[in-house]
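# Descriptive analysis of the structure
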Amino acid sequence: MKAVVITGVGQLEVTEVPDPKAGPREVVVDVAACGLCGTDLHILQGEFAPTLPVIPGHEFAGVVVEVGSAVTEVAVGDRVAVDPSLYCHECRMCRLGRNNLCERWNAIGVSVAGGAAEYAVAPVANCVKLPDHVRTEDAALIEPLSCAVRGYDILRSQLASRVLIYGSGTMGLMMLQLGKLTGAASIEVVDINTDRLATAKQLGVTATATSADELDRPKGWDVVIDATGNERAIQDGLNRVAKGGTFLQFGVSDYAARAVIEPYKIYNQEITITGSMAVLHSFERAADLFATGVLDPDVFISDRLPLDSYAAAIEQFKAGEGRKIQILP
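So, here's what we can say about the structure. None of the values given here were measured: they were computed from a predicted structure. (Residues numbered from 1 in each chain as written. Predicted model: local features only at pLDDT ≥ 70, side-chain atom pairs only at ≥ 80, totals over all residues. Heavy atoms only, no water.)

### Comments concerning the pattern of salt bridges
In this structure the tally under the stated criterion is 12 salt bridges. Look at the salt bridges and you will find they share partners, linking Arg-135, Asp-138, Asp-298 and Arg-304 into a network. (Salt bridge = Lys/Arg side-chain N within 4 Å of Asp/Glu carboxyl O.)

### Section: the packing of helix 3 (residues 142-155) against helix 4 (residues 170-181)
A pair of packed helices can be characterised by two numbers: the angle between their axes and the separation between those axes. At a minimum axis separation of 9 Å, helix 3 and helix 4 run at an interaxial angle of 55 degrees. When the axis of helix 3 is compared with that of helix 4, the two are oblique. The two elements helix 3 and helix 4 cross, and the hand of that crossing is right-handed. Touching Pro-144, Leu-145, Cys-147, Ala-148, Val-149, Gly-151 and Tyr-152 of helix 3 are Met-171, Met-174, Met-175, Leu-178 and Gly-179, all from helix 4. (Axes fitted to C-alpha atoms, helices over the stretch in contact; angles between N-to-C directions. Helix = DSSP H or I, 4+ residues; strand = E, 2+ residues; numbered from the N terminus. Parallel < 35°, antiparallel > 145°, perpendicular 65-115°, else oblique. Left-handed = near helix turned anticlockwise from the far one by under 90°. Contact = heavy atoms within 4.5 Å.)

### Quick notes on helix 8 (residues 283-291)
All of the buried residues in helix 8 are Phe-283, Ala-286, Ala-287 and Phe-290. Buried residues of helix 8, viewed axially, fall in a sector of 100 degrees; they line one side. If you follow the buried residues of helix 8, they end up packed against strand 5 (79-82), strand 9 (127-129), helix 3 and helix 9 (297-300). Positive backbone phi, approximately 90 degrees, marks Gly-293, located one or two places after helix 8. (Buried < 20%, exposed > 50% of the residue type's maximum accessible area, 1.4 Å probe, protein only. Arc of directions from axis to C-beta.)

### Digging into helix 4
Helix length check: helix 4 (12 residues) gives 17 Å between terminal C-alpha atoms against 16 Å at 1.5 Å per residue, within 8%. Counting buried positions over the 12 residues of helix 4 gives 10, a clear majority of the element. Among all positions of helix 4, only Thr-170, Met-171, Gly-172, Leu-173, Met-174, Met-175, Leu-176, Gln-177, Leu-178 and Gly-179 are buried. Positive phi appears at Gly-183, one or two residues downstream of helix 4, with a value of about 85 degrees. (Expected span 1.5 Å × (residues − 1).)

Laid out in structure tokens, this is it:
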């Protein structure tokens, strides 16, 4: 089969690799679509604990074409979205129910072969069948949505919160959509990319700006979410949290990124600083939300490119052009 292979730091190629085979409790998926994500850039940079070479692609959906000998939950021909998370179920964090913090955490498309290929293998436990009205290609959006659902699990948002989101890429826009569902009183979005801000406006944001200084909120926001991973945005966001508010680090930063906190302010104003790591008991809920139409795929997906265009797609993603870019193997 044809697949993208990250062969070394900053190096990738589209090449032929052996067809995957399903183990007893695994399935082989004919990949319909695979989304690009900031994590893919980090893997290409040698970060996010990858072991190279690896086939990337942790956001994907497709059609089951082979099932393992012990698989009864799905059948050949079923359309599925795949949760990429792989846990050991044995370490302390797994036993505490915090599987996303597994001491042996792995993921399809991060540490083992992923969906940037014609076919991919997944445990049957990670597959969620799609309802008839959901297009298979669109369902690759369920994985990033499940990360956003996890983010709101962490926030435990109250009704009528004032929310500020840094970044109007795919994840920032998803956090915007979920913020509306949680009953936020206002949601404002900051981004230096005015084209992306236009999409936030289309989705019904309260206000947009290229700097939080342009927004009339002198006492700050109840909830500040960084969906960029950019240390300048993070630093600015930390300074915008209102008394009793929460800052959520949602975007994936470079390992070297640093920000300064003010311990007295955190103590005196009871500010919470927290993070959200990938997916935890949120994939099925995201699939259910997706099936209700919480996201319009035609708004979120800006480009669908062939597998041979993966390198160009990565460059487009790095340049901040478009929204969600998908590869169609």
